[in-house]
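Spelled out from the first residue to the last, the chains are:
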Amino acid sequence: MFRLKPLTASLMLLLGFVIAGMPLLAMAQNYNPPKRGLPGRREGAGTRGTCMQGQKGLMPLTPMDGFSATTSNTPTFLWYVPPTKARTAEFALLDANDQKLYQSTLNLTGEGGVVGFRVPEAVAASVLESDKDFYWQFSIICDPNQPSNNPFVEGVVQRIKPDSSLAAQLKNASPKEQATLYAGAGIWQDAIAILAHQRCINPQDSSLQTSWTNLLTSVQLKEFAQEPLTQICSSINSSTGSIQP
């Protein structure tokens, strides 16, 4: 019978104790995507646009396939918006038949950075039904008179209920730990919204920046990890946590 050498066995036992005692946040902050078989379609047509500047184009902070799950009926959506001459953007939710269910206009500062929008509670109950796919579109209004010149991105969102095991773990977890749990369970929208919210209220916490970078890297968005959250954090300072999931 094969037996471990005493030193090797001791080291493995010690490693097991160390891993078991590590804070949840210290583990890899990686997104574990659900298996849906959707083709990659994170970028929409015309993401550069006539009023966009800088080296990076408009980009949704979503997984590669454009699908994201949420447990909230008021989810927060996030996008990287490059420097732009435009001062407004438009967000819309559509059903499976491309019927527009909700639309809202967002103000832009013109500076490059991460922009967010939270679905209002007033419309949430009648829009995002559980276990159904809904489609969102986000466009920069470069030319109100010629929509074809407006760069846009799109994606799919579905509201789900966490299983009993995840719900139990979330109950006693800190916000940073909740983000890790959501990411591991494939619930992207809640994971990234929580981290963005925590970074706004704890801007000096380097562990949050690390978690943010790890999460974006896990969906091939590392190049956007250092972009400022100024436009999101300004909204949270003037409201009551508007970017929480």
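Residues numbered from 1 in each chain as written. Predicted model: local features only at pLDDT ≥ 70, side-chain atom pairs only at ≥ 80, totals over all residues. Heavy atoms only, no water.

Chemist: Before we move on, can you summarise the overall build of the protein with the specific residues and values?
Modeler: Looking only at helices and strands, one finds seven helices and eight strands in the protein. The burial tally for the protein puts 44% of its 245 residues in the buried class. When contacts within the protein are restricted to residue pairs at least 6 apart in sequence, long-range pairs at least 24 apart make up 69% of them. Carbon together with sulfur atoms contributes 52% to the accessible area of the protein, which is approximately 12,700 Å² in total. (Helix = DSSP H or I, 4+ residues; strand = E, 2+ residues; numbered from the N terminus. Buried < 20%, exposed > 50% of the residue type's maximum accessible area, 1.4 Å probe, protein only. Contact = heavy atoms within 4.5 Å. Areas by Shrake-Rupley, 256 points an atom, 1.4 Å probe, with all protein chains shown as cover.)

Chemist: Account for the sheet that holds strand β1 (residues 59-60), naming residues and giving values.
Modeler: Reading across from one edge, β1-β3-β6 is the order of the three strands in this open sheet, with antiparallel pairing throughout. In this open sheet, the two strands that pair with only one neighbour each are β1 and β6 (113-118). One ladder, built from two bridges, connects β1 with strand β3 (residues 76-81); its direction is antiparallel. Note that in β3 the partner of M59 across the bridge is Y80. (Pairing = 2+ DSSP bridges.)

Chemist: Just give me the short version of the pattern of salt bridges, but keep the residues and values in it.
Modeler: Applying the stated criterion to the full structure yields three salt bridges. E227 is the partner of K56 in a salt bridge, and the nearest nitrogen-oxygen pair spans 2.7 Å. Taken together, the residues span a long stretch of sequence, with K56 in the loop between α1 (6-21) and β1 and E227 in the loop between α6 (206-217) and α7 (230-237) at a distance of 171 residues. Judged by its relative accessible area of 16%, E227 is buried. The partner of K132 in a salt bridge is E129, and the shortest N-O contact between them spans 3.2 Å. K132 sits in the partly exposed class, given a relative accessible area of 42%. A relative accessible area of 39% means that E129 is categorised as partly exposed. (Salt bridge = Lys/Arg side-chain N within 4 Å of Asp/Glu carboxyl O.)

Chemist: Account for the pairing of strand β7 (residues 133-140), naming residues and giving values.
Modeler: Here strand β4 (residues 88-94) runs beside β7; their pairing, made up of six bridges, is antiparallel. Within β7, the residue paired with F91 across the bridge is F138. Bridge analysis of β7 against strand β8 (residues 152-159) gives seven bridges, and the strand direction is antiparallel. Counted as the bridge partner of F138 is V153 from β8.

Chemist: Explain helix α4 (residues 175-184) residue by residue, including any values.
Modeler: Every buried residue of α4 is accounted for by A179, T180, L181, Y182 and A183. Buried residues along α4 sit against α3 (164-171), α5 (188-201) and α6. G186 lies just past α4 and shows a positive phi near 80 degrees.

Chemist: Quick one: what's the story with the nonpolar core, residue by residue and with numbers?
Modeler: Counting residues in each nonpolar core, the largest one holds 32 residues, and the members touching the most others are L61, L78, I192, W212 and L215. Mapped onto this core, the elements with two or more residues apiece are β3, α3, α4, α5, α6 and α7. Considering every element that reaches this core, the biggest residue donor is α5, with seven residues. Not counting the four nearest positions on each side in its chain, L61 is found in contact with L78, W79, Y80, V114, W188, I192, W212, L221 and F224. By size, the runner-up hydrophobic cluster in this structure holds 25 residues, among which are V81, F91, F117 and W136. (Core = buried A, V, L, I, M, F, W, Y, C linked by side-chain atoms within 4.5 Å.)

Chemist: Lay out the packing of α4 against α5 in plain terms, naming residues and giving numbers.
Modeler: Viewed as axis vectors pointing N to C, α4 and α5 meet at an angle of 155 degrees, and their least axial separation amounts to 8 Å. It follows that α4 is roughly antiparallel to α5 by the angle criterion. For the pair α4 and α5, the crossing hand works out as left-handed. Contacts between α4 and α5 involve P175, Q178, A179, Y182 and A183 from the former and D190, A191, I194, L195 and Q198 from the latter. Residues of the contact of α4 with α5, tallied by class, amount to seven nonpolar, two polar and one charged. (Axes fitted to C-alpha atoms, helices over the stretch in contact; angles between N-to-C directions. Parallel < 35°, antiparallel > 145°, perpendicular 65-115°, else oblique. Left-handed = near helix turned anticlockwise from the far one by under 90°. Nonpolar A, V, L, I, M, F, W, Y, C, P; charged D, E, K, R; others polar.)

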